Amino acid sequence: MSVLTLYNNLSTFLILGAILFGMGVYGIVTRKTFIGMLIAAELLLAGASVNFMAFNRFNAPDPVVGQIFALFIMAIAAAEAAIGLSIVIAVYYHYKSIDPEDTVQLKG
Amino acid sequence: MISSTPLTAGPALFSVDGLVGIIFLVMIAVTVIGGYIACNSQRLVRAVAGLIVCFVGVAGLYYFLNSPFVAMMQVLIYVGAVAVTISFAIMLAAPADQEKMSQSSILAGPLGFCTAALLAGGFSVLAIKTQWPVMDKINDGSVKKIGIQLLTNYSMVFELISIVLLIAILGALVIARVRREN
């Protein structure tokens, strides 16, 4: 198998999805702003979508289902981004900060 | 006597297949570099720019997975809508001194990296070691087939996702509204 035929290989896409997922986890753990965490969450969703699309292309009997699932993941991600960012803006108006360390009143 | 055929018989570098492979490698590089910038840069604006680059690369990966429709939707929704929304949120809500590092533990970075590396490496090993069963295709996954399936088998989910998006927009408006002091 040559390096130029990697795109015909399921493992390539699965490893890429795993790398995207890992970068998303790293971002969520280390970011210190809410918006940075949201950006990392988008990376996580992209990794999951790449996995779905890879199995859809190489293994699934019906290659339509995975594409529809990826479209629904995109819609859910857009809704999540809208709600999350509006919460971030509301928190910023209230606390004048988007640092998670400052918003300790949200603790139970 | 040395065999004349090489062990790894791939396409020539400047054939059509070879150029397609090079474009795929470029897409991988764009995705990984964009993701690195998105999760590792200090300024949020640069992180959003890295996210856009990463999503363009992911759209290219979708194109290589025989799904040009999903690739187009990736560019339209993520690069077009989500990135713009995040940019507006940064303009509205990010204070000017947000790049100052708050006093978090010195261990957060290395421990986070270890967690992420363990997860990614574990998933990769799992993906390589497992024998995934391959089944015969029952259709070609074209855009026409997607449209037919969306309006027949998946029409209920299609309507539900519209309602979810509508409620999300209304909820975002209600939450982000500046409340009057009374």
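The next point concerns the interface of chain B and chain A. With 94 residues of chain B at the contact, the number on the chain A side is 76 residues. With both sides pooled, the region where chain B packs onto chain A buries about 7100 Å², and carbon together with sulfur makes up 78% of that total. Counting the contacts that link chain B with chain A gives 0 salt bridges. There are 9 residue pairs in polar contact (both at pLDDT 80 or more) connecting chain B and chain A.

Attention now moves to the packing of aromatic side chains. Applying the stated criterion to the full structure yields 8 aromatic pairs over all chains. Between F13 of chain A and F24 of chain B, the ring centres sit 5.3 Å apart and the planes meet at 55°, which makes this aromatic pair tilted. Taken together, the residues span two chains, with F13 of chain A in helix α1 (residues 10-30) and F24 of chain B in helix α1 (residues 16-40). Using a relative accessible area of 1% as the deciding quantity, one classes F24 of chain B as buried. Taking the centre distance of 4.4 Å and the plane angle of 20° together, the rings of F52 of chain A and F69 of chain A count as stacked. Within this pair, whereas F52 of chain A is found in helix α2 (residues 34-58), its partner F69 of chain A is found in helix α3 (residues 63-95), the two being separated by 17 residues in sequence. The exposure class assigned to F52 of chain A is partly exposed, which follows from its relative accessible area of 36%. What links up through ring pairs into an aromatic cluster is the set F13 and F58 of chain A together with F24 and F64 of chain B. Across the ring face of F58 of chain A, the terminal group of R57 of chain A is positioned such that the distance to the ring centre comes to 4.5 Å.

This paragraph deals with the confidence of the model for chain B. All names here are of chain B. In the predicted model, chain B carries a mean pLDDT of 84, and 86% of its residues have values of at least 70. In the model, residues 1-5 has pLDDT below 50 throughout and makes 0 contacts with residues more than four positions away in sequence or in other chains. Note on the complex model: pTM 0.87, ipTM 0.89.

Here we come to the environment of M73 of chain B. Residue position: M73 of chain B is located in helix α3 (residues 68-93). Residues within four places of M73 of chain B in sequence aside, it is in contact with L71 and M74 of chain A together with Y78 of chain B.

Attention shifts here to the domain arrangement of chain B. Under the domain assignment, chain B is made up of domain 1 (14-92) and domain 2 (140-182). Placing a centre on the C-alpha atoms of domain 1 of chain B and another on those of domain 2 of chain B gives a separation of 23 Å.

Thresholds, definitions, all that
Residues numbered from 1 in each chain as written. Chains lettered and ligands numbered in written order. Predicted model: local features only at pLDDT ≥ 70, side-chain atom pairs only at ≥ 80, totals over all residues. Heavy atoms only, no water. Contact = heavy atoms within 4.5 Å. Buried area = accessible area lost by both parts, 1.4 Å probe. Salt bridge = Lys/Arg side-chain N within 4 Å of Asp/Glu carboxyl O. Polar contact = N/O pair within 3.5 Å; in protein donor to acceptor, adjacent residues only side chain to side chain. Phe/Tyr/Trp six-rings, centres within 6.5 Å; stacked < 30°, edge-to-face > 60°. Helix = DSSP H or I, 4+ residues; strand = E, 2+ residues; numbered from the N terminus. Buried < 20%, exposed > 50% of the residue type's maximum accessible area, 1.4 Å probe, protein only. Lys NZ or Arg CZ within 6 Å of the ring centre and 35° of its normal. pLDDT = per-residue confidence, 0-100. Domains from an automatic or database assignment.

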